[in-house]
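Survey of secondary and tertiary structure
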Amino acid sequence: MTSATSDDPLDFLSNSIHGTRPVEQTDLIQALLYEIIRVKDLIKYYDEIPNGAGQLGASILNELVSEAYQSLVNYDTELMRKYYDLLQNCD
């Protein structure tokens, strides 16, 4: 018997936060977390480029992800928006 599990890594946000924070802020947090996950996948791609050619790109993206996490920890909504916009433009 298979259980119906969600492929959404942030499913816990939908179930627990809506009762404690306004929806707009919850959406920003969830959107930023999705972007962090997406960029962390990009970092893996950059790390796999042969001869260290992607090392600079990976280190820049790592720094952005670290600072985005820090904005979440500090619950600084201005920085969250800033890093959300920055991470959205990462390719």
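Residues numbered from 1 in each chain as written. Predicted model: local features only at pLDDT ≥ 70, side-chain atom pairs only at ≥ 80, totals over all residues. Heavy atoms only, no water.

**A closer look at the packing of helix H3 (residues 55-73) against helix H4 (residues 77-88)**
Each pair of packed helices can be described by the angle between their axes along with the distance between the axes. Between H3 and H4, the least distance of the axes is 9 Å, while the angle of their chain directions is 150°. With respect to H4, the element H3 is oriented roughly antiparallel. H4 is crossed by H3, and the crossing has left-handed handedness. Here H3 contributes Leu64, Val65, Glu67, Ala68, Ser71 and Leu72 to the contact with H4, which in turn contributes Leu79, Met80, Tyr83, Leu86 and Leu87. For the contact of H3 with H4, the residue count by class is 9 nonpolar, 1 polar and 1 charged. (Axes fitted to C-alpha atoms, helices over the stretch in contact; angles between N-to-C directions. Helix = DSSP H or I, 4+ residues; strand = E, 2+ residues; numbered from the N terminus. Parallel < 35°, antiparallel > 145°, perpendicular 65-115°, else oblique. Left-handed = near helix turned anticlockwise from the far one by under 90°. Contact = heavy atoms within 4.5 Å. Nonpolar A, V, L, I, M, F, W, Y, C, P; charged D, E, K, R; others polar.)

**Considering the side chain of Glu35**
The residue Glu35 is located in helix H2 (residues 23-47) in this model. Every residue in contact with Glu35, bar those within four places of it in the chain, is listed here: Tyr84, Leu87 and Gln88.

**Here we look at the nonpolar core**
The biggest cluster of nonpolar side chains holds 18 residues, and the ones touching the most others in it are Leu32, Ile36, Val39, Leu61, Leu72, Leu87 and Cys90. Within the residue set of this core, elements represented by two or more residues are H2, H3 and H4. Ranked by residue count, the leading element in this core is H2, at 8 residues. Every residue in contact with Leu32, bar those within four places of it in the chain, is listed here: Ala68, Ser71, Leu72, Met80, Tyr83, Tyr84 and Leu87. (Core = buried A, V, L, I, M, F, W, Y, C linked by side-chain atoms within 4.5 Å. Buried < 20%, exposed > 50% of the residue type's maximum accessible area, 1.4 Å probe, protein only.)

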